[in-house]
Amino acid sequence: MAIETSSTVRELVLANPAAARTLEKFGIDYCCGGSKSLAEACAKASVPVEQVIGAIEKPQSNPDARDWQTAALGELTRHIVEKHHAFTREELKRLKSLLAKVVSAHGANHPEVARVQSIFHELDKELTMHMMKEEEILFPYIENMEAAVNAKRSLPPCMFGTVQNPVRMMMMEHDSAGDALREMRAETSSYAVPAEACLSYQELYRALPAFEADLHEHIHLENNILFPRTIQMEEAAF
Ligand SMILES: [Fe+2]
Ligand SMILES: [Fe+2]
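Here is a short report on the structure shown in this document. Quantities reported herein were computed from a predicted structural model and do not represent experimental measurements. (Residues numbered from 1 in each chain as written. Chains lettered and ligands numbered in written order. Predicted model: local features only at pLDDT ≥ 70, side-chain atom pairs only at ≥ 80, totals over all residues. Heavy atoms only, no water.)

Let's talk about the coordination of the iron ion (ligand 1)
Link 1 in the chain: Here the iron ion (ligand 1) is held by the protein donor atoms His85 (NE2), Glu134 (OE), His218 (NE2) and Glu222 (OE), which lie 1.9 to 2.2 Å from it.
Link 2 in the chain: Its four donor atoms give the iron ion (ligand 1) angles of 88 to 165° at the centre, a pattern that matches the irregular case.
Link 3 in the chain: Sequence spacing of the donors to the iron ion (ligand 1): H-x48-E-x83-H-x3-E.
Link 4 in the chain: Between the iron ion (ligand 1) and the iron ion (ligand 2), both coordinated by Glu134, there is a metal-metal distance of 3.2 Å. With a gap of 88 residues between them, Glu134 in helix H6 (residues 111-150) and Glu222 in helix H8 (residues 199-237) connect regions that are remote in the sequence. (Donors = N, O, S within 2.8 Å, 3.2 Å for Na, K, Ca; no water. Tetrahedral: all angles 85-135°; square planar, octahedral: opposite > 155°, others 65-115°. Helix = DSSP H or I, 4+ residues; strand = E, 2+ residues; numbered from the N terminus.)

Following this line, the structure appears as structure tokens:
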């Protein structure tokens, strides 16, 4: 569907919910300032309207067409960091401020949003630490181990006995994140949007299940592909 510069920002987001994130990135207010035309809103934010339309229309790439069962482990860890860790960090930050906005506007009538906010804050702390441990300790170890195996060298010194130990810890943390996602979904009746919800509320309930879907895909890549392949590689090298 072609995007008209004369249509209002609100109409644009309602017809294309994914555009909300792009508009936010450009600093375009699509909630309270939603009645402006796209052209006016872009002028106010001092961004060329063509650039905004281009970003909204950009097709979503599908990098997961890759067969991760056969790719190098280092390629998989890079993919996880660049795609999923980056998205998770960006969304944790964005959704925290969106939650604060929705709680202050609707918290009185919808106490469940405040409960979602507190679950989300806990999840934020956990995931931030979790991704740091993967990026600073576990993933570099996996990459070094693979390089050693490829070069037929002995395995790099392992500070955790066997790689199975940190893997077990990461998998327990994944379970905890999965519980938090389930609790948020239960609190919100699977993100059912109340009739009187403003656009921020609607965007929050669109973005939380998208965050959940991405985290599911991310955990799948680690639990079901990266970790079993890492354990196998370590066992074969001993
Ligand atoms: Fe991860
Ligand atoms: Fe993880």
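Thoughts on the pattern of salt bridges
Link 1 in the chain: In this structure the tally under the stated criterion is eleven salt bridges.
Link 2 in the chain: Between Arg185 and Glu212 there is a salt bridge, and its shortest N-O distance comes to 2.6 Å. Note that Arg185 is positioned in helix H7 (residues 164-187) and Glu212 in helix H8, a separation of 27 residues in sequence.
Link 3 in the chain: Arg185 gets classed as partly exposed once you look at its relative accessible area, which sits at 27%.
Link 4 in the chain: On the accessibility criterion, Glu212 (8% relative accessible area) is buried. (Salt bridge = Lys/Arg side-chain N within 4 Å of Asp/Glu carboxyl O. Buried < 20%, exposed > 50% of the residue type's maximum accessible area, 1.4 Å probe, protein only.)

Re the environment of Asp29
Link 1 in the chain: Looking at where Asp29 falls in the secondary structure, it is placed in the loop between helix H2 (19-25) and helix H3 (38-45).
Link 2 in the chain: With residues near it in sequence (within four places) discarded, Asp29 still touches Val9 and Gly34. (Contact = heavy atoms within 4.5 Å.)

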